[in-house]
Amino acid sequence: MTMVSTAAISTAAGAMTDEEVVARVRAGETALFEVIMRRYNQRLFRVTRSILGNDDEAEDVTQDAYVRAYEHLDQFEGRARFSTWLTKIAVHEALARLRARQRLVEIDASSGSIEDAMNLESKIPSPEQDLLTHRTRMVLEAAVDTLPATYRSVFMLREIEGLSTAEAAECLDLSEMSVEVRLHRARSLLRKNIYKQTGAASAGAFQFLGVRCDRMV
């Protein structure tokens, strides 16, 4: 690849669309592919993790997706947005990894992993142990992890990454109706899960005890 400094790449990235970057990479400025990677690292990691449920595997698959996309840039025809095309590659790579894992892992081990995921809520710190914003993030992440994979990937693309229904449908090879149904069910499950996690702590919220009580007295 042509050697270009990170600063130069960042400067060049500012005003360029994805399609302009791709055109220049195709023309020989291969180092500019870093622009694409920096733009979509978070999205690809999130969506692959939503399918695989594992940080390390998601990182590996994200790297594989970039390699696959780079090797097949000539196949990008512009019928969809480049970001959608790239995300779809990542989804397919993650699903292929998941199928390979399922062929190798015994059913008992798989069910154990699911049980572990369902017990994540017990590890979440209480409001007294951490900042409210940190707890909120932990609660949401744990709740999303307990969603069935078919709902989790839809929720991640629509609610976290902000893709439209049509874009999410394209990435996941689903109909728009299926995306809407799965998103509705994901939201419903999350509401129940989050309420379950926070409801038990609600009685202990806003307590007027200790020093504050003594001061008032």
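Residue indices follow the written sequence of each chain, beginning from 1 at its first position. Note on the predicted model: pLDDT of at least 70 is required for a residue's local features to be given, and 80 or more for side-chain atom pairs to be given and counted; whole-chain, interface and lining totals, by contrast, use all residues. Excluding hydrogens and water, the side-chain figures rest on all heavy atoms present in the structure.

## A short note on the overall build of the protein
Thinking step 1. A run of H or I in DSSP becomes a helix once it reaches four residues, and a run of E becomes a strand once it reaches two; helices and strands are each numbered from the N terminus. For the protein, the count of helices and strands is eleven helices and zero strands.
Thinking step 2. Helices and strands appear in the protein in the N-to-C order α-α-α-α-α-α-α-α-α-α-α.
Thinking step 3. Accessible area is worked out with a 1.4 Å probe on protein chains only. A residue is then buried under 20% of its type maximum, exposed over 50%, and partly exposed in between. Looking at the 217 residues of the protein, the share that counts as buried comes to 34%.
Thinking step 4. Any pair of residues with heavy atoms lying within 4.5 Å of one another is described as a contacting pair. Put simply, of all contacts in the protein between residues at least 6 apart along the chain, 64% involve residues at least 24 apart.
Thinking step 5. For the protein, the computed accessible surface area is about 13300 Å², with 54% contributed by carbon and sulfur atoms. The Shrake-Rupley method, run with a 1.4 Å probe sphere, supplies the accessible areas, and residue values consider only the shown protein chains as cover.

## Section: the nonpolar core
Thinking step 1. For this analysis, a nonpolar core means a set of buried residues of the types Ala, Val, Leu, Ile, Met, Phe, Trp, Tyr and Cys, connected via side-chain atoms within 4.5 Å. In this structure, Phe155, Leu157 and Leu190 are the most contacted members of the largest nonpolar core, which totals 24 residues.
Thinking step 2. Of all the secondary structure elements, the ones that give two or more residues to this core are helix 3 (33-52), helix 5 (82-104), helix 7 (132-145), helix 8 (149-160), helix 9 (165-172) and helix 10 (176-202).

## Some thoughts on the pattern of salt bridges
Thinking step 1. Only one rule defines a salt bridge in this text: a Lys or Arg side-chain nitrogen within 4 Å of an Asp or Glu carboxyl oxygen. Within the structure shown, the criterion is met by 16 salt bridges.
Thinking step 2. Here Arg24 ties to Glu29 by a salt bridge, and the two come within 2.9 Å at their closest N and O atoms.
Thinking step 3. Since its relative accessible area comes to 35%, Glu29 is described here as partly exposed.
Thinking step 4. The closest approach of N and O atoms between Glu57 and Arg97, which form a salt bridge, is 3.7 Å. Placement of the pair is Glu57 in helix 4 (residues 55-71) and Arg97 in helix 5, with a sequence separation of 40 residues.
Thinking step 5. Residue classification places Glu57 among the buried residues on the basis of a relative accessible area of 19%.
Thinking step 6. Shared partners join several salt bridges into a network, and the residues in it are Arg43, Arg46 and Glu161.

## Considerations on helix 4
In an α-helix, one turn spans 3.6 residues, which is why side chains three or four residues apart end up on the same side.
Thinking step 1. Multiplying one less than the number of residues by 1.5 Å gives the expected span of a helix. In a regular helix each residue adds 1.5 Å, so 17 residues correspond to 24 Å; helix 4 covers 25 Å between its end C-alpha atoms and thus fits that length.
Thinking step 2. Among all positions in helix 4, only Glu57, Ala58, Val61, Thr62, Ala65, Tyr66 and Ala69 are buried.
Thinking step 3. Two to three positions downstream of the cap, the backbone nitrogen of Asp56 sits 3.0 Å from a side-chain oxygen, assigning the N-cap of helix 4 to Asn54. Under the rule applied, a polar contact is a pair of N or O atoms within 3.5 Å (in protein, one hydrogen donor and one hydrogen acceptor; residues adjacent in sequence only if both atoms are side-chain atoms).

## Focus: helix 2 (residues 18-26)
Thinking step 1. Looking only at helix 2, the buried set comprises Asp18, Val21, Val22 and Val25. Down the axis of helix 2, the smallest arc covering the buried residues is 100 degrees, so these residues share one side.
Thinking step 2. A positive backbone phi angle near 120 degrees is found at Gly28, which sits one or two residues after helix 2. The directions considered for the arc run from the helix axis to the C-beta atoms.

## Details of the packing of aromatic side chains
Thinking step 1. Two aromatic rings, drawn from Phe, Tyr or Trp (for Trp, its six-membered ring), form a pair once their centres lie within 6.5 Å of each other, and the interplanar angle then sorts them: stacked below 30 degrees, edge-to-face above 60, tilted otherwise. Evaluated as defined, the whole model comprises five aromatic pairs.
Thinking step 2. Geometrically, the ring pair formed by Phe33 and Tyr66 is edge-to-face, given 6.2 Å between the ring centres and 90 degrees between the ring planes. Residue Phe33 is found in helix 3, and its partner Tyr66 is found in helix 4; the two are separated by 33 residues along the sequence. When sorted by exposure, Phe33 lands in the same class as Tyr66, which is buried.

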